[in-house]
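Analysis of the macromolecular model
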Amino acid sequence: MKVNTQSVNFSADKKLLDFIQKRMDKLDLFYDKVIQADVYLKVENTSEKENKIFEARLSVPGDRFVVKKQCKTFEEGVDTAVSSLERQLKKRKEKLRAHM
């Protein structure tokens, strides 16, 4: 799957980008028709510890899934967002099976 990653107001290191790619590739196990994923990494200038925002837009034929998570680290945001996308993809797959 093609993952387009954009980091806003900072530059993401290679290790983080590889981690995101690896996690997003696991979504292919649940739904094989994923076209692409757009990932946005943002850091808010606040005094709170949970100032990292991970947003993912997943394109599948006929639909688009958007997940936005705010966490302490980007890795934690990736994990929670991917598990949320997993549930959405499974639900979509079940709906498609029911219509056949």
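Provided above is the structure to which this section pertains.
If you're wondering where the values come from, they're calculated on a predicted model, not measured in any experiment.

1. Concerning the environment of valine 67
Summarising the element assignment, valine 67 is placed in strand β4 (residues 63-71). With 14 residues separating them along the chain, valine 67 and alanine 81 place their C-alpha atoms 6.1 Å apart. In contact with valine 67, not counting residues within four places along its chain, are Phe54, Glu55, Ala56, Ala81, Ser84, Leu85 and Gln88.

2. Quick notes on the nonpolar core
Generally speaking, soluble globular proteins have nonpolar side chains that are buried together. Ranked by size, the top nonpolar core spans 22 residues in total, and within it Ile20, Met24, Val39, Phe54, Leu58 and Leu85 carry the most contacts. When contributions to this core are tallied by element, the ones reaching two or more residues are α1 (14-25), β2 (36-43), β3 (52-60), β4 and α2 (74-99). Apart from the residues lying within four places of it in its own chain, the contact partners of methionine 24 are Met1, Val3, Ala37, Val39, Ala56, Leu58, Val82 and Leu85.

3. Focus: the pairing of β4
Inspection of the sheet shows β3 paired to β4 by 9 bridges, in the antiparallel sense. In the strand pairing of β4, leucine 58 is matched with phenylalanine 65. The antiparallel pairing of β3 with β4 creates a hairpin that spans 2 residues between the two strands, and glycine 62 there sits at a positive phi of about 85 degrees.

What counts, and at which threshold
Residues numbered from 1 in each chain as written. Predicted model: local features only at pLDDT ≥ 70, side-chain atom pairs only at ≥ 80, totals over all residues. Heavy atoms only, no water. Helix = DSSP H or I, 4+ residues; strand = E, 2+ residues; numbered from the N terminus. Contact = heavy atoms within 4.5 Å. Core = buried A, V, L, I, M, F, W, Y, C linked by side-chain atoms within 4.5 Å. Buried < 20%, exposed > 50% of the residue type's maximum accessible area, 1.4 Å probe, protein only. Pairing = 2+ DSSP bridges.

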